[in-house]
Each structure stands twice: as C-alpha cells, then as structure tokens.
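What follows is each chain in one-letter form.
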Amino acid sequence: MVDTKRFIFVGDGPYKGKSSGERKSSCTGQRLVKRLLKRANQRLQEQWDKRFGQLVEYHRVNGHCNVPRSYEPNPQLGEWVNTQRQFVKTKKLAADRVAKLEQLGFRWNVRVDKWDVRFGELVEYHRVNGHCNVPRSYEPNPQLGEWVNTQRQFVKTKKLAADRVAKLEQLGFRWNVRVDKWDVRFGELVEYHRVNGHCNVPKRYEPNRQLGSWVNTQRAYRRKGKLAADRVAKLEELGFQWSAAL
C-alpha cells in the first residue's frame, strides 16, 4: 500500500515529497548558505570601507580623489578607484556608495580630470624628491615628465588657467627650468639611488650621460670649494660619496 502522505499531487500525477529528515537537512543547508553569504558580504563591505578610508586620507593630502591607477604608495587604492568608475558606468555601484564618493568630491569622468591626475602624480613626486622638476625623460612616469614640460610651455603662451598656475606655485613649481637645472639632475640622482642603492653614477652612464657628468662635476666643485653648502647638505643626506673613484 502506498503512503499518500509522502506525495504532493500536482496536475495529473503524483510528485513524491521529501521526508522530514530530508526537509530538515535541506533547511540546515539553506541556513548555512545564508550565513556564508552574509559573512562574505560583510568582508566585502569591510574592504570597501577600508579603501574609502584610504581615499579620504588621499583627498586630505592631495585635495582631490583622482588617484593614479599606478599609484606606487598604494597600488590597490589606484585600482579600487578605477573599479568604482567602471561599476558606476555599468550601474553596479550601490546608491549609498555613489553618494559617499560624491560627497568627497569624487569625479566619474577621468578624461575631464586628466590634469588633476597628473597634478596628483606631481604632488607625490614632490613628496619623494622635494621639488617639482620632473625630468622630461622620467622613466618611471614619462607622461608626467611631458606634462610638467607642457605646463611651462602653456604658462609662457598664457594658455594655463590662473587656478592651475596657483595650484602649481603653491606646490613650489618653478617655471624657469634653466635656473633649476641642478634640481633636475638632483631628482634624477634620487631616482638612480632608489633603483641602485647608491649615488656612484658612472661618468659614462649610458642611460643618462648628463647625470654621470653632473655627479662628477659636483665632486670637482666641492674639492675647489665652489659647491654651495645647501647643495652639499642635500647630496650628503642622500648618501653621496665625495671620494668615489669610478
């Protein structure tokens, strides 16, 4: 005899239902899935809040939210900022997150804000090197070197907006690159030191012969007492050796 209590009739034929043990097992599995999903969502929210906190700090220091995608001090933040822009384009970013970002002054159109992106990179360069004289052939970021040169050209032809001139000058930007040639070479030496761990640039350094000659000249000037004390101090702070024989 068939136990009809274990059947649910749908349409013309019987559908065998689940036993109480099977139902209990199914409910337990569903609860487990819900808990796992909840935990995963919490972790994702925590990660989003963490990056947002880092963006708040970046904005405090730089005055904008245009973190370069290849932002060396925090590459994850640069990628995260780019991801938020992609998500808002595809309508995958929650409204409350959009609101939080916009309250911070987040810009969605990165092309419009390209100037601010480069300015942010210059702020970081200044923080590391102590000046804004980015070499035109600056290998870690060639676009930044070109952009800096372009700003000088624009100011000569009066094509640079006054607010941008002001922002650059507040950062200590110098318009006369010839006057600041020493700082340009010093910036290249800082980068050389970062890569190689010392300042002993060979005199015939193929990637940058001007730098090799400049390093040799600083040693010669100091021997003759012709190198200004502040420049001697800057070089020594970098670990410059005066007696290096190359």
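Overview of the structure. Please read these numbers as outputs of a predicted model, since none were measured by experiment.

**Brief notes about the packing of helix α7 (residues 181-196) against helix α8 (residues 209-223)**
In step 1: As a packed pair, α7 and α8 sit with axes 10 Å apart at the nearest point and diverge in direction by 105 degrees. Relative to α8, the element α7 is oriented roughly perpendicular. Taken together, the residues of α8 that come into contact with α7 (itself represented by W182, R185, F186, E188, L189 and Y192) are Q210, L211, W214, V215 and Q218.
In step 2: Its residues placed into classes, the contact of α7 with α8 shows seven nonpolar, two polar and two charged.

**Focus: helix α4 (residues 114-129)**
In step 1: Given a rise of 1.5 Å per residue, 16 residues ought to cover 22 Å, and the 22 Å separating the end C-alpha atoms of α4 matches this to within 8%.
In step 2: For α4, a buried count of 12 out of 16 residues is recorded, marking the element as mostly surrounded by other parts of the structure.
In step 3: Those residues of α4 not exposed but buried are W115, D116, V117, R118, F119, G120, E121, L122, V123, E124, Y125 and N129.

**Observations concerning unusual backbone geometry**
In step 1: Notably, K91 is not glycine yet its phi reads approximately 60 degrees, a positive angle.
In step 2: By secondary structure assignment, the location of K91 is in the loop between α2 (75-89) and α3 (95-103).
In step 3: The phi torsion at K158 lies on the positive side, around 60 degrees, for a residue other than glycine.
In step 4: One can find K158 in the loop between α5 (142-156) and α6 (162-170).

What counts and how
- The numbering scheme is per chain: residues are counted from 1 as the chain's sequence reads.
- Totals for whole chains, interfaces and linings use every residue, but because this is a predicted model, local features are given only for residues with pLDDT of at least 70 and side-chain atom pairs only at 80 or more, for both listing and counting.
- Think of the side-chain values as coming from all heavy atoms in the structure, minus any hydrogens and water.
- Only C-alpha atoms enter the line fits that serve as axes; for helices the fit covers just the stretch in contact. Angles between N-to-C directions range over 0 to 180 degrees.
- Note on conventions: DSSP H or I runs of at least 4 residues are helices, E runs of at least 2 residues are strands, and numbering of each starts at the N terminus.
- In what follows, roughly perpendicular refers to angles from 65 to 115 degrees, roughly parallel to angles under 35, roughly antiparallel to angles over 145, and oblique to any angle outside these ranges.
- Residues count as neighbours in contact if any of their non-hydrogen atoms are within 4.5 Å of one another.
- Classes in brief: Ala, Val, Leu, Ile, Met, Phe, Trp, Tyr, Cys and Pro nonpolar; Asp, Glu, Lys and Arg charged; the others, Gly included, polar.
- Working rule for helices: expected span equals 1.5 Å times residues minus one.
- Accessible area is worked out with a 1.4 Å probe on protein chains only. A residue is then buried under 20% of its type maximum, exposed over 50%, and partly exposed in between.

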